[in-house]
Amino acid sequence: MARDMIAILDFGSNNNAGIARAVRACGVYSEIVAHDVTMEQLKKMPGLKALVYNGGANRAYEGQELIPDAGVLACDLPKLAVNVDFSVDGENLPCWNGNEQNVLNVFIEKNGIERNWTMEGFIEDQVAALRKQIGDKKVLLALSGGVDSSVVAALLLRAIGDKLVCVHVNHGLLRKGEPEQVISVFREEMGMGDNLVYVDAVDRFLNKLENVADPEKKRKIIGAEFIRVFEEEARKLDDISFLGQGTIYPDILESGTKTAKNIKSHHNVGGLPEDLQFELVEPLAQLFKDEVRAVGEALGLPHGMVYRQPFPGPGLGVRCIGAITRDRLEQVRESDAILREEFAKAGLDQKVWQYFTVVPDIHSVGVRNHERSFERPVIIRAVNTTDAITASIEEIPYDILGKIVNRIVNEVPGVNRVLYDLSPKPCATIEWE
Ligand code: XMP
């Protein structure tokens, strides 16, 4: 079913996503398109009912002002202008400052645009589209247990049932309880059974990482080994035609439109070899993160899985500073579990964007049971951000910090000190490596 939609034309705004979100918040689907989109391209967008010309700081791109396509500007679709003044037949386009939701609501009403963008509708449409695309062929998905891959799995399960095969690679760098949760949710609650392949690759990864202290080398080893393990598992399976991916809309936007700077290139499964020859299935590619979470909940995934905080691909490997050792990895895992538990008890998990612990490769002197100890410190990191490009430090009440310190030094073997990292980003990054 073609739902009504509004296209956002990118005339150099830094806030295209914000404008697209505002339109969706009114119940109307929206997509961001290049400033010089043509009528031919717009005609291929089913349900297109209006255009928003969205200007901003990057209007002059590489010294040249971005010019609207004359045919598009003159077409009879209703138009709004944000931070630009374009005119048609001597009349300025109606303005919207991008914040007043009322202006947008009146515009939607006046032009009879139907508000039919809902997550239930999205699921229904996607299930039908996936069944049509996939038929009775099989789809393979790397299921990390993160929000995006979990929601893709749940959506594919709804659409194609036992034609979905998931591979969950435990590289030994996951948080406490994570592999167990993936197995119990997908094998049991969602009924996947043996179609969820669990690969215990802990020794393989940790052996490869032995004595490797350089952060970039560690990241590369983890990424490359992940692909190798996944590829080995894929080759054991018969007649897989598709590869599922958890690509979401911000991944596409951040990879760069014509005028937006390329913030980071996203590699979802990290450059799989071409000879695997799968066709891609990316059912979340239209969704913002909060929409992905809403879809996940509507599909019956546990709240904690859908609302979990961001977690880097290399996992605890970048929080166990320098060369990874098994005992230090356990100290990271255990202290992280305590931190998460105490943050949840205090309601801080709702307030803080990302929080975790880090264990550096140093020792300090302490006292335990009246005797000298020579043990490691644990560092707590808790930051707030909207885009992960800059981040500020969250003020954690001392009584809560005190409780966490107490538990960590008493429950995590080999730890005698807890530090709180007060560095914002920049100059630090959120992760330590
Ligand atoms: P930094 O440390 O660069 O982190 O300030 C910004 C955000 O990105 C997460 N992060 C990663 N996420 N793969 C990911 O999917 C990675 O390799 C990776 N490295 C960092 C980090 O946790 C933070 O949320």
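Residues numbered from 1 in each chain as written. Predicted model: local features only at pLDDT ≥ 70, side-chain atom pairs only at ≥ 80, totals over all residues. Heavy atoms only, no water.

Ranked by size, the top nonpolar core spans 60 residues in total, and within it Leu 9, Leu 51, Tyr 53, Leu 156, Leu 164 and Phe 186 carry the most contacts. With 10 residues, the single largest contributor to this core is helix 6 (residues 147-160). When residues of this core are sorted by domain, at least three fall in each of domain 1 (5-110) and domain 2 (119-306). Ignoring sequence-local partners within four residues, the contact set of Leu 9 consists of Val 33, Ala 34, His 35, Val 37, Leu 51, Val 52, Tyr 53, Asn 54 and Val 72. Membership of the second largest hydrophobic core comes to 44 residues, among which are Leu 173, Leu 174, Cys 320 and Ile 396. (Core = buried A, V, L, I, M, F, W, Y, C linked by side-chain atoms within 4.5 Å. Buried < 20%, exposed > 50% of the residue type's maximum accessible area, 1.4 Å probe, protein only. Helix = DSSP H or I, 4+ residues; strand = E, 2+ residues; numbered from the N terminus. Domains from an automatic or database assignment. Contact = heavy atoms within 4.5 Å.)

Another aspect to go through is the site of the ligand. Around the ligand, the neighbouring residues are Arg 219, Pro 310, Pro 312, Gly 313, Pro 314, Trp 353, Gln 354, Ala 388, Lys 425, Thr 429, Ile 430 and Glu 431. The contact in question runs from an oxygen atom of the ligand to an N or O atom on the side chain of Lys 425, over 2.6 Å. About the coverage of the ligand: the protein hides 70% of its 490 Å² of free accessible area. Taken together, the residues of the shell around the ligand break down into 6 nonpolar, 3 polar and 3 charged. (Near = heavy atom within 4 Å. Polar contact = N/O pair within 3.5 Å; in protein donor to acceptor, adjacent residues only side chain to side chain. Areas by Shrake-Rupley, 256 points an atom, 1.4 Å probe, with all protein chains shown as cover. Nonpolar A, V, L, I, M, F, W, Y, C, P; charged D, E, K, R; others polar.)

Its boundaries defined by the atoms lining it, the second largest pocket holds a volume of some 230 Å³. Arg 3, Asp 125, Gln 126, Ala 129, Leu 130, Gln 133, Val 281, Glu 282, Pro 283, Ala 285 and Gln 286 are the residues that line the second largest pocket. Considering only residue class, the lining of the second largest pocket consists of 5 nonpolar, 3 polar and 3 charged. (1 Å grid on protein atoms, 1.4 Å probe; cavity = no way out; pocket = protein on both sides within 12 Å on 5 of 7 lines; lining within 4 Å. Points joined across faces, edges and corners; volume = space filled by probe spheres on them.)

What follows covers the packing of aromatic side chains. Within this structure, the stated rule accounts for 8 aromatic pairs. With a centroid separation of 5.5 Å and an interplanar angle of 80 degrees, the aromatic rings of Tyr 53 and Phe 86 are classed as edge-to-face. On the criterion of sequence distance, the pair formed by Tyr 53 in strand 3 (residues 48-55) and Phe 86 in the loop between strand 6 (79-82) and strand 7 (87-88) is long-range, its members being 33 residues apart. Just as Tyr 53 is buried, Phe 86 falls in that class too. When the ring of Phe 226 is compared with that of Phe 230, the centres are 6.4 Å apart and the planes differ by 5 degrees; the resulting orientation is stacked. With a gap of 4 residues between them, Phe 226 and Phe 230 both fall in helix 9 (residues 215-236), about one helical turn apart. Feature note: the residues Phe 11, Tyr 53 and Phe 86 constitute an aromatic cluster, connected by ring pairs. (Phe/Tyr/Trp six-rings, centres within 6.5 Å; stacked < 30°, edge-to-face > 60°.)

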